[in-house]
Amino acid sequence: MMESSLLLSISTFGFLLSFVFYLSGLVFHRKRPLKWGSVSAWIVLVILTAGIALRWIESYQLGFGRAPLSNLYESLVFAAWSIALIYLLLELRTRYRVLGVFPLLFCFLAMAYASFSGMDSAIRPLVPALQSNWLIIHVVTCFFGYAAFTVSFGISILYLFRAAHKPNPHPKGVYALLPPLKQMDEFNYQMIFFGFIWLSLGIISGAVWANSAWGTYWSWDPKETWSLITWLVYAAILHARNIRGWRGNRVALLSLVGFGCVLFTYFGVNFLLSGLHSYGSF
Amino acid sequence: MQEKGGLLKRFAGTLASMRLTLIIFLTLAAVSVLGTLFPYGMTGADVHHHYPPALAWFIQTFSLHDMYRTNWFRLLLLLLCVNLIICTVQRLPKTIKLTRQRDEEFSSDKIAKFSQNFQMTTAQPVETAAASIGKVMGAQFGPLKTIGGAGKFSGLAEQGRWSSFMVYFIHLSVLIILVGAIIGSLFGFKGIMNIIEGEASNTVMLSRGHERLELPFAVRCDAFSISYYETGTPREYRSDLTILKGDEEILQTPIRVNHPLTYGGITFYQSTYGSFLTSLDLEIRDTESGRTWTKNMRMRTPETLPGTTDQIQVMDYREDIAQLGPIVIMAMLREGEEATGAYVLVNDPDFHGNRISNYHFAIQEAETARYTGLQVKSDPGVWVVYVGFSALLIGIILAYYMSHRKIWVVAEPSRQFPGRTQVTLGGRANRNPLAFEEEFQTICQGVEQELRASENKDSET
C-alpha cells in the first residue's frame, strides 16, 4: 500500500540531486555535471511517473478509483512532474542543458513542499463536485501551462543575469555555457506561447466543466479571475512582442510578473481568498 | 474645422493603437485583482460590517464588491472590443495586400545575408541545377515558382501564407465569446428552486432582483438522498425528479452533482439541500405574570398573544448552527418598540436563551420537510460562447505551429569559378525561427545531395 509514497520520496531527493548537478554545471561551467543532471532528471521523471500511476492504482484498491489530481498534495506532485517533462522536452529540442537549473529547483521545491509541510497526503475519495471526467482534462491542461511558465521564468532569470554582464562574458565565467541572448529570448517566447495555449485550454475546460456542473461558465470566482489575470498578462507579452517588437529584458521582466500571477493563482488564491476551488487548500 | 478633423483622427488613432490594447489588458488585470480582494456578491451592509469606513466608502463608490456587473467594468470590456475591431479594420487590408504582393526578386548577394542562408557551386548548368533544386523543394517544402530569369534562375517557394490571418481569427473568436455572453445575459436567466420532497413547483426564484419566474411546466422532487463513503464524507447528492405538464408525467430522471437535467432549454443542477419548517407547536410563558399559551405556528405567520398586543412570528429555521442542533429564529413585535429576535433551540426547551424580553419559548414539536435545492438556468448564448472557445483554441494552436516561411533560390553562372553554377538559398520565417532553421537545413542538405548525385551521374557517363 505504501509503494507510491516511497517512489514519491525517492523522486523528491532525485530532483534535489539533479538540481545540484545542473547548478554545479552552470557555476563551474562544466558540461559533465550538466549531463548527469539531465540523465538523473529523466530517471526521476520515470520514477515519478511510476509513483503517480501507482497512486492511481492504489485508489482503485481502496475501492474508489480516481485520478491522483484532487488536492494540494497531489497537484504539487503533478506540478513537479509537468515541469520536469516540459523542461526535458525543451532540452531535447534545444540541446542546451544549462537552462535546467530553475525548472529542477522548482521540481524539488514542489515535491519538498508536498512531502515536508505536513499536509494531508492520504488518498481520499472524491467529493461529488469533483466526480467528473473534466477533472483530469482541466487539471492537466492548467498544470502544463503553469509548468511552461515556470520554465519561462527560469529562462528569464538567466537572461537577465546574462544581459547584465553582456559587455564581456568571461570565456570561463558563469555565463559561458548559456545560449546567446537572442536565442534565450526566442526560447523564452516559445515557452510563453506554449504555456499560453495550455492555460487557454485549462481556462476553457474549466469553463465548460463549470457550465455542466453548476450552470455557469464564468462566475468571477477568485481562482477563475486570477487565471484570467494571468492569461491577460501573458497575452500582453505576446502582443507586445509581436506587434510592438519588444524583446529581451522587457519580455523577461514581464515573464517574471506573469509567473508571480501563476504563483498567486495557484497558492495565493487558496490561502488568502475563498471560492469554488477550496479543494486545493487542503 | 481642420483641427477638429485632426483631433478625431488622433482619437481614432488612439483607439486603434496597440498601446491602448496593452493598457486595457493590464487595466483589466489590475481591476480584477481589486475585485478578488473583496468577496464577490457581498451586500452593502456586509461591506460596512467588514471594512473601516473610509475603505468601505471606496469599495461602495466603485462597487468593488460587485465590480464585474458595474457599468465601468462593462465599459472597459466595450473599449477592448472597439479597440479590437478598429485594429482589425486598420490592419486587415495591409495583411491582404502583403499576402497578395507580387513576389520580390532578390540578388544572390542579398539572399546570402538572410538569417537562413546557404551557398554552393555545382558543375551542373543553370537550368539542370534549377530543376534539381525544384525537385527537392517540391518534395520537402513546396512548389518552386520561377520569379525571374535572364541568364540565371530566380525562384521562390513559400508555406503558411495564411498564418498571417490567424490573428484575425483569434480576435474574431474573442468577439464571438463576448457576444455569446451578452446573449446569455439578455435572454437567459438563472435562479434557484427549493422543492420539498414529494411536492412539485414551477416557480424559480431569480438570483437577480428578487423576482420570480413561472416555468411552463412543473418539477416534482420524488426523493432526495445523500450517500456516504466509509470514511463519512459525502459520495453523492441525488434528487429524483419528474417533469410534469398539468397532471401528465413527461419525464422521470435522477440528477446528481455534475449530472444535470435539461428539459425545454432549461437546465436543473443539484445545488443544495436542507429542511423547511412546516409546523411548530410552541409553548410561550410570560416570566413576569406566569401565564402560558400553546400555539401552533407556521413560518412567517404572525400570531398575537391573547390578552396582549404583542405579536410573535417564526422567522427562519436552520438545521444546525454551531452544533447546537436545529434552531428556530423567533421575533417579537411590541407596540412602540423595535422588533427583537432570538435563537430558540428545538432540542433543548429549557435552555435559558430561548427567550425574548419577558417571554420564554419551549418548542414541543417541530415538523420539518426535506427539500432539494436546484440551480436553474437557461442560457441561449452558451453555444455561441462554445463556438468562440473552439475558434479561440484552434486559432491559438495554429498560430503557434504555423508561420509564413519563404525560401528564395538563385542559380547563376559563378563569378569565382568560371564554368560552374553558383546556387544560393535564403530563407525567412515570421515566427518560430528555431523550427524553420531545422527545416531549412534539411532542405539545403537535400539540395546538396541531389546536386552532387547528379554531378556524379554525369561524370560516370
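Residues numbered from 1 in each chain as written. Chains lettered and ligands numbered in written order. Predicted model: local features only at pLDDT ≥ 70, side-chain atom pairs only at ≥ 80, totals over all residues. Heavy atoms only, no water.

K.L.:
Any chance you could explain the overall build of chain A here in plain terms?
P.N.:
The secondary structure content of chain A amounts to 8 helices and 0 strands. Starting at the N terminus and walking to the C terminus, you meet the elements of chain A as α-α-α-α-α-α-α-α. Radius of gyration (C-alpha) of chain A: 19 Å, near the 19 Å computed for a compact globule of 282 residues. If one aligns the C-alpha atoms of chain A with their principal axes, the spans along those axes are about 60 × 45 × 30 Å. Taken across its 282 residues, chain A has 62% of its residues classed as buried. Look at the contacts in chain A between residues 6 or more apart in sequence, and 79% of them connect residues 24 or more apart. Here chain A displays about 11,400 Å² of accessible surface, and carbon together with sulfur accounts for 69% of that area. (Helix = DSSP H or I, 4+ residues; strand = E, 2+ residues; numbered from the N terminus. Rg over C-alpha atoms; globule rule 2.2 N^0.38 Å. Buried < 20%, exposed > 50% of the residue type's maximum accessible area, 1.4 Å probe, protein only. Contact = heavy atoms within 4.5 Å. Areas by Shrake-Rupley, 256 points an atom, 1.4 Å probe, with all protein chains shown as cover.)

K.L.:
Quick question: what am I supposed to make of unusual backbone geometry here?
P.N.:
In terms of backbone geometry, most residues other than glycine have negative phi values and most peptide bonds are trans. Residue and element names in this part refer to chain A. Located in the positive-phi region is His-29, a residue other than glycine, with phi close to 35°. Residue position: His-29 is located in the loop between helix H1 (3–27) and helix H2 (31–61). One non-glycine residue, Trp-220, lies in positive phi territory at about 55°. Considering the arrangement of structural elements, one finds Trp-220 in the loop between helix H6 (181–213) and helix H7 (222–242). Classification of Trp-220 by relative accessible area gives buried; the value is 17%.

K.L.:
Please explain the pattern of salt bridges as it appears in this structure.
P.N.:
In a structure, side chains of opposite charge can pair up when their charged atoms sit close to one another. A full pass over the atoms with the stated rule returns 18 salt bridges over all chains. In this structure, the salt-bridge partner of Glu-74 of chain A is Arg-66 of chain A, at a minimum N-O distance of 3.1 Å. According to the relative accessible area criterion, Glu-74 of chain A is buried, its value standing at 2%. Exposure remark for Arg-66 of chain A: the relative accessible area of 4% places this residue in the buried category. Ionic pairing is found between Lys-295 of chain B and Glu-303 of chain B, a salt bridge with its closest N-O pair at 3.5 Å. (Salt bridge = Lys/Arg side-chain N within 4 Å of Asp/Glu carboxyl O.)

K.L.:
Hey, could you run me through the interface of chain B and chain A in this one?
P.N.:
Size of an interface, as often reported, equals the accessible area lost when the parts are brought together. At the junction of the two partners, chain B supplies 51 residues and chain A supplies 48 residues. For the chain B and chain A pair, buried surface summed over both sides reaches about 4,400 Å², with 68% attributable to carbon and sulfur atoms. On the surface where chain B and chain A come into contact, there are 1 salt bridge. A salt bridge links Arg-93 of chain A to Glu-438 of chain B, with the nearest nitrogen and oxygen atoms 3.6 Å apart. (Buried area = accessible area lost by both parts, 1.4 Å probe.)

K.L.:
Whenever I open this one, the environment of Phe-361 of chain B confuses me. Can you help?
P.N.:
All names here are of chain B. Along the chain, Phe-361 turns up in strand S17 (residues 359–378). Separated by 69 residues in sequence, Phe-361 and Thr-292 have C-alpha atoms that sit 9.8 Å apart. With residues up to four places along the chain from it excluded, the contact list for Phe-361 reads Leu-282, Glu-283, Ile-284, Ile-312, Met-330, Val-344, Pro-349, Asn-354, Arg-355 and Ile-356.

K.L.:
So what exactly am I meant to see when it comes to the packing of helix H5 (residues 134–164) of chain A against H6 of chain A here?
P.N.:
The geometry of a pair of packed helices is captured by two quantities: the angle between their axes and the separation between those axes. Residues and elements named next belong to chain A. Running from N to C, H5 and H6 cross one another at 155°; their axes reach a closest spacing of 7 Å. Considering the angle they form, H5 stands roughly antiparallel to H6. In this structure, the crossing between H5 and H6 has a hand that is left-handed. Here the contact of H5 with H6 is composed, by residue class, of 25 nonpolar, 11 polar and 2 charged. (Axes fitted to C-alpha atoms, helices over the stretch in contact; angles between N-to-C directions. Parallel < 35°, antiparallel > 145°, perpendicular 65-115°, else oblique. Left-handed = near helix turned anticlockwise from the far one by under 90°. Nonpolar A, V, L, I, M, F, W, Y, C, P; charged D, E, K, R; others polar.)

K.L.:
What is the right way to read the side chain of Ser-82 of chain A from this model?
P.N.:
Residues and elements named next belong to chain A. Within the secondary structure, Ser-82 is located in helix H3 (residues 72–94). Judged by its relative accessible area of 0%, Ser-82 falls in the buried class. The residues touching Ser-82, leaving out its near neighbours within four places in the chain, are Phe-143, Phe-144 and Ala-147.

K.L.:
Whenever I open this one, a nonpolar patch on the surface confuses me. Can you help?
P.N.:
Residue and element names in this part refer to chain B. A contiguous nonpolar patch, built from Leu-55, Trp-57, Phe-58, Phe-62 and Trp-72 and spanning about 480 Å² of accessible area, is present on the exposed surface. Looking at which element gives the most residues to the nonpolar patch, the answer is helix H4 (residues 53–61), with 3 residues. Mapped onto the elements of the fold, Leu-55 is located in helix H4. What makes Leu-55 partly exposed here is its relative accessible area of 32%. (Patch = residues over 30% accessible without salt bridge, like charges linked within 9 Å, V, L, I, M, F, W, Y side chains within 5 Å.)

K.L.:
What am I meant to see in the pairing of strand S19 (residues 421–429) of chain B here?
P.N.:
Side-chain positions along a regular strand alternate between the two faces of the sheet. Residues and elements named next belong to chain B. With 7 of 9 residues buried, S19 is to be regarded as a mostly interior element. Looking at chain direction, strand S18 (residues 405–413) and S19 are connected through 9 bridges and run antiparallel. Across the sheet, residue Glu-412 finds its bridge partner in S19, namely Gln-422. (Pairing = 2+ DSSP bridges.)

K.L.:
How do you make sense of the domain arrangement of chain B when you look at a structure like this?
P.N.:
Here the domain parsing of chain B yields domain 1 (2–98), domain 2 (102–160 + 403–460), domain 3 (186–271 + 373–391) and domain 4 (276–367). Computed over C-alpha atoms, the centres of domain 1 of chain B and domain 2 of chain B are 51 Å apart. (Domains from an automatic or database assignment.)

K.L.:
Even after reading the chapter, I still don't get the sheet that holds S18 of chain B, so can you show me in this structure?
P.N.:
The strands making up a sheet associate through backbone hydrogen bonding, with each pair oriented either parallel or antiparallel. Residues and elements named next belong to chain B. Strands sit in the order S1-S19-S18-S3-S2 across an open sheet of 5 strands; the sheet is antiparallel. The sheet is open, and its two borders are formed by strand S1 (116–122) and strand S2 (145–148), each paired with just one other strand. Ignoring strand direction, the axes of neighbouring strands in this sheet form an average angle of 20°. Of the pairings in the sheet, the one linking strand S3 (residues 153–159) to S18 comprises 7 bridges and is antiparallel in character. Looking at the pairing, Ser-154 lines up with Val-410 of S18.

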